Amino acid sequence: MSTPEGQVRRRLSRAAAPAAGPGRAEAGLAARGRGPVVAVTGAARGLGHALTVRLASSARVARVVAIDDHRGDVTGVTWRVVDVRDPALAGRLAGVDVVVHTDLDMAPDSDFRARRAFNVRGAQTVLTAAAAGRVGRVVLVTSSMVYGARPDNPVPLDEAAPLGADPDGGVVGDMLEIEQLAHRSARTHLGMAVTVVRPAALVGEGVETMVTRHFEAPRLLTVKGCAPRWQFCHSDDLVSALELAAAGVVSGEFAVGCDGWLEQEEVA
């Protein structure tokens, strides 16, 4: 059975269409003639830290609000300390046009119950708080693994394919629940756009997942009779994609990864 990361091929430039029509935030920004004020959750560490650094120097945004449960080391941004699961988050989003939610627990050693509670409750609170604060757009990060690893999946698998992953107790199950929250929010909060970004297997400095752990083994394990194909997304490229999503250059639901894939023999 091929991994879903090896079945999602399309590059961001081809996969993500430009935002269709101005929403509530976009119309206001156009009238003011500037980029959006963007809040990043999980800004003190990992992906959120890298994105906050990028946005702090980006000409695409007007100002950056960094949100985490502690103050980080990024300068040139406005820090607001709050747990993303706390309903008080709504008050911290004053003046924000776009929220990029990166505060996720993807650690392979996390207790699955605690991880599920953190990931799902965090995304739910962000969506609710953003709607209450009249934020125009929320950008959520899930994973290409939500497409599911099926033996009959075409290669490449179109990003518009239905989500076929099994809702298990792992990280994939977390991501599927977040996707469901995104769909419900789009129907409930009609004035707020929701963008979903699905990176392929993430690699890069400081990234530790089940996939990166797999490559630490003396040999790569495979299922007999299968020929896995692999596709990866460097964390720097995901940051670039999130910058475009925050600026409203791309929208909707899209996958992010390199163009093409590697056969198992090439990876080995």
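Notes on the structure in this doc start here. (Residues numbered from 1 in each chain as written. Predicted model: local features only at pLDDT ≥ 70, side-chain atom pairs only at ≥ 80, totals over all residues. Heavy atoms only, no water.)

## Observations regarding unusual backbone geometry
Next, step 1: With an omega of 0 degrees, the peptide bond running from valine 155 to proline 156 counts as cis.
Next, step 2: Although it is not a glycine, arginine 134 sits at a positive phi angle of roughly 55 degrees.
Next, step 3: By the secondary structure assignment, arginine 134 is in the loop between α5 (112–132) and β5 (137–141).
Next, step 4: The exposed category is assigned to arginine 134, whose relative accessible area is 57%. (Helix = DSSP H or I, 4+ residues; strand = E, 2+ residues; numbered from the N terminus. Buried < 20%, exposed > 50% of the residue type's maximum accessible area, 1.4 Å probe, protein only.)

## Notes on α5
Next, step 1: Helix length check: α5, at 21 residues, gives a terminal C-alpha distance of 30 Å against a target of 30 Å (1.5 Å per residue), a fit within 8%.
Next, step 2: Where α5 is buried, its residues contact β1 (37–41), α4 (89–92), β4 (98–101), β5, α6 (171–188) and β6 (193–199).
Next, step 3: You can read the cap of α5 off the contacts: a side-chain oxygen lies 3.2 Å from the backbone nitrogen of arginine 113, and it is on aspartate 111.
Next, step 4: Phi turns positive one or two residues past the end of α5, at arginine 134, with a value near 55 degrees. (Expected span 1.5 Å × (residues − 1). Contact = heavy atoms within 4.5 Å. Polar contact = N/O pair within 3.5 Å; in protein donor to acceptor, adjacent residues only side chain to side chain.)

## What about the packing of helix α3 (residues 46–56) against helix α8 (residues 235–246)?
When two helices pack together, their arrangement is given by the angle between the helix axes and the distance between those axes.
Next, step 1: Between α3 and α8, whose axes approach to 10 Å, the crossing angle comes to 55 degrees. Between α3 and α8, the angle is such that the two are oblique. You can see that α3 and α8 cross each other, and the crossing is right-handed. In contact with Leu47, Ala50, Leu51, Arg54 and Leu55 of α3, α8 contributes Asp236, Leu238, Val239, Ser240, Leu242 and Glu243. (Axes fitted to C-alpha atoms, helices over the stretch in contact; angles between N-to-C directions. Parallel < 35°, antiparallel > 145°, perpendicular 65-115°, else oblique. Left-handed = near helix turned anticlockwise from the far one by under 90°.)

## Details of the sheet that holds β5
Next, step 1: Pairing is parallel across the open sheet formed by seven strands, whose spatial order is β3-β2-β1-β4-β5-β6-β10. Among the strands making up the open sheet, the edge pair consists of β3 (78–81) and β10 (253–256). Each adjacent strand pair in this sheet contributes to an overall mean axis angle of 20 degrees, direction not counted.
Next, step 2: Running at roughly 160 degrees to β1, α3 makes contact with β1, β2 (63–68) and β4 of the sheet.
Next, step 3: Contacts between α8 and the sheet are confined to β1, β4, β5, β6 and β10, with β5 contributing the most and set at about 160 degrees to the helix. (Pairing = 2+ DSSP bridges.)

## Here we look at α6
Next, step 1: Along its 18 residues, α6 runs 26 Å from first to last C-alpha, staying within 8% of the 26 Å computed at 1.5 Å per residue.
Next, step 2: What α6 keeps buried is the set Val171, Val172, Gly173, Asp174, Met175, Leu176, Ile178, Glu179, Leu181, Ala182 and Ser185.

## Here's the deal with the nonpolar core
Next, step 1: In this structure, Leu93, Val96, Val99 and Val138 are the most contacted members of the largest nonpolar core, which totals 33 residues.
Next, step 2: Every element with two or more residues in this core is listed here: β1, β2, α5, β5, α6 and β6.
Next, step 3: If sequence neighbours within four positions are ignored, valine 96 has contacts with Val37, Ala39, Val65, Arg80 and Val135.
Next, step 4: Counting 29 residues, the second-largest nonpolar core is a separate cluster that includes Cys233, Ala241, Leu244 and Val256. (Core = buried A, V, L, I, M, F, W, Y, C linked by side-chain atoms within 4.5 Å.)

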